[in-house]
Amino acid sequence: MMRELSLPAQAYLLALNVESHRLPDRQRAGYLIRAAALTDLLTRGRLADDDGVVVPAARGATGDVVLDDVLAQIAEHRPAKWKTWIRRDFRGTLAAVEAQLEAAGIVRVDHARVLGLFPSTRPVVLDTALVENLRARIIEAVRGPKPVHEVTSADAALASLVAAIELKSVLSGRERRQNRARLDALAEQGGAAVPALRKVFRDLRAVRASAASSGGSGG
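Residues numbered from 1 in each chain as written. Predicted model: local features only at pLDDT ≥ 70, side-chain atom pairs only at ≥ 80, totals over all residues. Heavy atoms only, no water.

**Details of the overall build of the protein**
Move 1: Check the secondary structure of the protein and you find ten helices and five strands.
Move 2: The C-alpha atoms of the protein give 17 Å as radius of gyration, which agrees with the globular expectation for 219 residues (17 Å, within 12%).
Move 3: Considered along the principal axes of its C-alpha atoms, the protein spans approximately 50 × 40 × 40 Å.
Move 4: Taken over 219 residues, the protein has a buried fraction of 43%.
Move 5: Put simply, of all contacts in the protein between residues at least 6 apart along the chain, 67% involve residues at least 24 apart. (Helix = DSSP H or I, 4+ residues; strand = E, 2+ residues; numbered from the N terminus. Rg over C-alpha atoms; globule rule 2.2 N^0.38 Å. Buried < 20%, exposed > 50% of the residue type's maximum accessible area, 1.4 Å probe, protein only. Contact = heavy atoms within 4.5 Å.)

**Thoughts on the pairing of strand 2 (residues 53-56)**
Move 1: Alignment of strand 1 (residues 47-50) against strand 2, held across four bridges, turns out to be antiparallel. The partner of Asp49 across the bridge, within strand 2, is Val54.
Move 2: The hairpin formed by strand 1 and strand 2 contains two residues between the paired strands, and Asp51 there has a positive phi angle of roughly 55°.
Move 3: In this structure, strand 2 lies alongside strand 3 (residues 80-81), joined through two bridges in antiparallel fashion. Across the sheet, the residue bridging to Val53 is Lys81, located in strand 3. (Pairing = 2+ DSSP bridges.)

**Considerations on the packing of helix 1 (residues 7-15) against helix 2 (residues 26-43)**
Two numbers describe a pair of packed helices, the interaxial angle and the distance between the axes.
Move 1: Where helix 1 contacts helix 2, the two axes come as close as 7 Å, and the packing angle between them is 155°. Considered as vectors, helix 1 and helix 2 are oriented roughly antiparallel to each other. Seen from above, helix 1 lies across helix 2 with right-handed handedness. Where helix 1 approaches helix 2, its residues Leu7, Pro8, Ala11, Tyr12 and Ala15 are matched on the opposing element by Ala29, Leu32, Ile33, Ala36, Ala37, Thr39 and Asp40.
Move 2: Partitioning the contact of helix 1 with helix 2 into residue classes produces ten nonpolar, one polar and one charged. (Axes fitted to C-alpha atoms, helices over the stretch in contact; angles between N-to-C directions. Parallel < 35°, antiparallel > 145°, perpendicular 65-115°, else oblique. Left-handed = near helix turned anticlockwise from the far one by under 90°. Nonpolar A, V, L, I, M, F, W, Y, C, P; charged D, E, K, R; others polar.)

**With respect to the layout of surface pockets**
Move 1: Estimated volume of the largest pocket: approximately 310 Å³.
Move 2: Looking at the lining of the largest pocket, the elements that each hand over two or more residues are helix 7 (153-164), helix 8 (173-178), helix 9 (180-190) and helix 10 (193-217).
Move 3: The residue inventory of the lining of the largest pocket, partitioned by class, reads five nonpolar, two polar and eight charged.
Move 4: As a volume, the second largest pocket reaches approximately 210 Å³.
Move 5: In this structure, the second largest pocket is lined by 13 residues; those nearest its centre are Glu4, Leu5, Ser6, Asp40 and Arg44.
Move 6: Broken down by class, the residue content of the lining of the second largest pocket amounts to four nonpolar, five polar and four charged. (1 Å grid on protein atoms, 1.4 Å probe; cavity = no way out; pocket = protein on both sides within 12 Å on 5 of 7 lines; lining within 4 Å. Points joined across faces, edges and corners; volume = space filled by probe spheres on them.)

**Considering the packing of aromatic side chains**
Move 1: In total, this model carries one aromatic pair according to the counting rule given.
Move 2: Seen from the ring of Trp85, Arg88 lies directly overhead, with NZ or CZ sitting 4.5 Å from the centre. (Phe/Tyr/Trp six-rings, centres within 6.5 Å; stacked < 30°, edge-to-face > 60°. Lys NZ or Arg CZ within 6 Å of the ring centre and 35° of its normal.)

**Considerations on a positive patch on the surface**
Move 1: Where like charges cluster on the molecular surface, the positive patch consists of Lys81, Arg198, Lys199 and Arg202.
Move 2: By the secondary structure assignment, Arg198 is in helix 10. (Patch = residues over 30% accessible without salt bridge, like charges linked within 9 Å, V, L, I, M, F, W, Y side chains within 5 Å. Areas by Shrake-Rupley, 256 points an atom, 1.4 Å probe, with all protein chains shown as cover. Salt bridge = Lys/Arg side-chain N within 4 Å of Asp/Glu carboxyl O. Lys, Arg positive; Asp, Glu negative; His and termini not counted. Charge placed at Lys NZ, Arg CZ, Asp CG, Glu CD.)

**Considerations on the environment of Leu167**
Move 1: For Leu167, the position within the fold is in the loop between helix 7 and helix 8.
Move 2: Overall, the relative accessible area of 10% leaves Leu167 in the buried class.
Move 3: In sequence terms Leu167 and Ala112 are 55 residues apart; their C-alpha atoms lie 26 Å from each other.
Move 4: In this view, Leu167 contacts Leu14, Ala15, Arg28, Leu32 and Val162; residues no more than four positions away in its chain are not counted.

**Examining the packing of helix 7 against helix 9**
Move 1: Relative to each other, helix 7 and helix 9 sit at 115°, their axes nearing to 8 Å. In this structure, the crossing between helix 7 and helix 9 has a hand that is left-handed. Contacts from Ala156, Ala157, Ala159, Ser160 and Ala163 of helix 7 reach helix 9 at Leu183, Leu186, Ala187, Gln189 and Gly190.

Structure follows, in structure tokens:
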């Protein structure tokens, strides 16, 4: 089993619906996981922020195959902003984290076809207490009672990313509103991927709203 879960692995577990064995909205979850991977690399000193641009800051493997893959992608391409790297290959990173957690025995991924035609993925958490404890940590980071400066960098980052993507299964809209000042303080510890993820999610909502409006107005 993995000795310590990376931020993208924890983000995946937070996005899961444990009861229905589903990962609702895989695109949103993919953006969250990708942003968590970038944040993890930033925290480890492997990436740096150069006026809104992601730049490699150190060489060498991290020991985590998902993080190493993201780091290799960044090293092989021209410098780009955080939003670009959150969007790029988010499906690949999601699938890699899913496979990593399955290999570690943390989830079991069942594959099926709906109506015999459409592929369906059902991630089953094998240790539900792990997810419950993870969610409890994030909620405690947002509500307190610890002062913000005593919250771990990992929990501050995850709480900020979850709030940025408006993951209601972890933090409801009311909880985000009631703790807005504290979330702002946590976001300052979360790194450059947090505001970038917020913008990516805002763009996603706008695209979906436009598509729904166009579909609804068709005759």
